[in-house]
Amino acid sequence: MLRPVRLLSSVLSAALLALALLPLTAVPASARPTVVGVAVDEQGKPLQNVYWDIYSLQGGQWIGLQFGPKLTDENGRFSYTGGEIGLDIGTKYRICFSDTFYGFGDGGEWTADVRHREACWRADGTVSTSVDTASDWTATDGPTTFTLTLPAVGLGMAPVDPFVLGAYEVGKPLTAVGLEGWRPTTATLSYQWHRWATNTTLEKIAGATTSTYTPTSADAGKRVTVSVTGSLGGYKTAVLFADGNIVGSGHARLSAPLKITGTAAPGQTLTATFGPPAGSYYSEISWYVDGRPQVGFTRSSTTSATFPVTAAMAGAVIEARVMVYLDDPAGNSIDGSRSDGRAMVQAQGARPPQPLPVKVQPTVAATPVSGATAVGGTLTAPSGLTADPAATTTYQWLRGGAPVPGATGANYQLQPSDVGHRISVAATVARPGWWNGFLRTSADSDVVQGVLPAGQVKVKGTARAGAKLKAKATGWDGVTLSYRWYRNGKAVKPAKKASKASYRLTKKDRGKRITVVVTATKTSYLPATVTSKAKRVKR
């Protein structure tokens, strides 16, 4: 059964709004051009979840090939082999990247801390920001790779799709809502309503630049939508589109509006319900917390859906949204029949710090002592959790997950009470216009080891062949001692006879300097060694 698919709203740029279906061309299996693209930043780091597109010239316009999804992977890479759609040998194409993806998926929200400029490939090594000024690439039988550098242009916002409420009928107002989750809150939001003049041409509606628009007779039978633009100094401007609908068509009419029942408190479960329209229909209920979509909680083809309230949602606004389409006799959703609604409640309690929506996980960088994390060593908290120069970061060091009193600096010197524990740090980032705090806890350090005090060792006995020397170690308690005797700095062999507290001198030792190295070991402590003063053996 065919169902409506939400547009990736951030892709709706001027170049992509004029997309037209390309003719399908069969390509022999032996002639399959492949294009590989790699997007990197100015330091050569791969850029994940960047839109890419391959354009061909259609009717005097460069049009993106009709397939998807089109996002780079964790290596900043995409690969496309010509098949039924596009990439014919000898045909000219153009390659572009666009860092404008704001989305949700199985892995949760994607909000890059820094955003980058759009880039299209040019043969002279420069980068164009428009497909119209890019260079042509002629497809050949085999792979061709393009690597483009996308310079940073500003911080990344965490925007949300606008949600339109209203009847989509002439003379009845439409209102763009659901922008409570847009971050930073200090961004300036502007609106522009659009109508599809034809199936492939989207035009701005003159003067329709507020959150509310009332359709006129000029909109009858046409699809109307709204775009929201967020702008703020230091940030890359973000533009997101709402799902549109056709004005005046037969929309689904709910027999009862969406409502939420249950206690909005941590540990409780909420239920959203609505009355179904007459006839066959398709529905989706989705949940939002403080305006952010909740991945994994969308339910389809049902008139009710539940949602668990967790402790992390204390004080949050919890929202349910419903989308309903009517079905035709074949079971396909009828275009333009969509109806939307929402209901909201506020959870009990105070709002705790929210997760930082940045793809950076703090880790502890340790300056070890003697190759291990030991008392006296220094641990350094992560830096660069956000590129926002107006952000402030505070720290709390944790011993076995519990706060260490007074340990609130960026660095922490390990102390005897840390021995046997793992150390981590909680970093709280505050950014103007975002939530009050964004908390991340670093990975644990290695188990902290103690440092034994500096011991002493004296060698007693007459330094002549046949006599016995004895090592006397002091300054340690509760340790295990091991010994190794040396002749002129080289270990005496066999080791079995020279690895005890005493050592009987031989003829080989005459005229030589004899020392002993004592090693003290103790559980949870670094080994400690001390070397005796040398004794010269009589000839």
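Quick summary incoming for the structure in this document. (Residues numbered from 1 in each chain as written. Predicted model: local features only at pLDDT ≥ 70, side-chain atom pairs only at ≥ 80, totals over all residues. Heavy atoms only, no water.)

**Some remarks on a positive patch on the surface**
- Taken together, the side chains of Lys458, Lys460, Lys468, Lys470, Lys472, Lys496, Lys500, Arg504 and Lys533 make up a positively charged region of the molecular surface.
- Within the residue set of the positive patch, elements represented by two or more residues are strand S38 (456-460) and strand S39 (468-474).
- Looking at the positive patch element by element, the count peaks at three residues for S39.
- Assignment of secondary structure puts Lys500 in the loop between strand S41 (490-491) and strand S42 (502-504). (Patch = residues over 30% accessible without salt bridge, like charges linked within 9 Å, V, L, I, M, F, W, Y side chains within 5 Å. Areas by Shrake-Rupley, 256 points an atom, 1.4 Å probe, with all protein chains shown as cover. Salt bridge = Lys/Arg side-chain N within 4 Å of Asp/Glu carboxyl O. Lys, Arg positive; Asp, Glu negative; His and termini not counted. Charge placed at Lys NZ, Arg CZ, Asp CG, Glu CD. Helix = DSSP H or I, 4+ residues; strand = E, 2+ residues; numbered from the N terminus.)

**Focus on the state of the cysteines**
- For the structure on display, the rule yields one disulfide.
- Between Cys96 and Cys120 runs a disulfide, and the two sulfur atoms are separated by 2.0 Å. Of note, the bridge from Cys96 to Cys120 carries an S-S torsion of about 110 degrees and is right-handed in sense. Pair noted here: Cys96 is in strand S5 (residues 92-98) and Cys120 is in strand S9 (residues 119-121), with a separation of 24 residues, a long-range link. By the burial criterion, Cys96 is buried, and Cys120 matches it. (Disulfide = S-S within 2.5 Å. Buried < 20%, exposed > 50% of the residue type's maximum accessible area, 1.4 Å probe, protein only.)

**Things to note about unusual backbone geometry**
- At the junction of Arg183 and Pro184, the peptide bond is cis and its omega measures out at 5 degrees in the coordinates.
- Relative to the assigned elements, Pro184 resides in the loop between strand S15 (174-177) and strand S16 (188-196).
- Here the amide bond leading from Lys493 into Pro494 is cis, since omega sits at 0 degrees, within 30 degrees of zero.
- Secondary-structure assignment places Pro494 in the loop between S41 and S42.

**As for the pairing of strand S28 (residues 317-326)**
- Where burial is concerned, most of S28 is hidden: nine out of the ten residues are buried.
- Where strand S24 (residues 281-289) and S28 come together, nine bridges link them in antiparallel fashion. Paired with Ser283 across the two strands is Val324, which belongs to S28.
- Pairing geometry for S28 and strand S29 (residues 339-346), over eight bridges, is antiparallel. Within S29, the residue paired with Met323 across the bridge is Asp340. (Pairing = 2+ DSSP bridges.)

**Section: the packing of aromatic side chains**
- The full count for this structure, using the stated rule, is eleven aromatic pairs.
- Taking 4.8 Å as the distance between ring centres and 65 degrees as the angle between the ring planes, the aromatic pair formed by Trp121 and Phe146 counts as edge-to-face. Taken as a pair, Trp121 in strand S9 and Phe146 in strand S12 (residues 143-149) lie far apart in primary sequence, 25 residues in all. Comparing Trp121 with Phe146, the two get one shared label, buried.
- Grouping aromatic residues by their ring pairs yields a cluster made of Tyr93, Trp121, Trp137 and Phe146.
- The ring of Phe163 has Arg321 lying over it, and the distance from NZ or CZ to the ring centre is 4.6 Å.
- Between Arg321 and the ring centre of Tyr288, over which it is positioned, the NZ or CZ distance is 3.8 Å. (Phe/Tyr/Trp six-rings, centres within 6.5 Å; stacked < 30°, edge-to-face > 60°. Lys NZ or Arg CZ within 6 Å of the ring centre and 35° of its normal.)

Just geometry here; none of it tells us what the structure is for.
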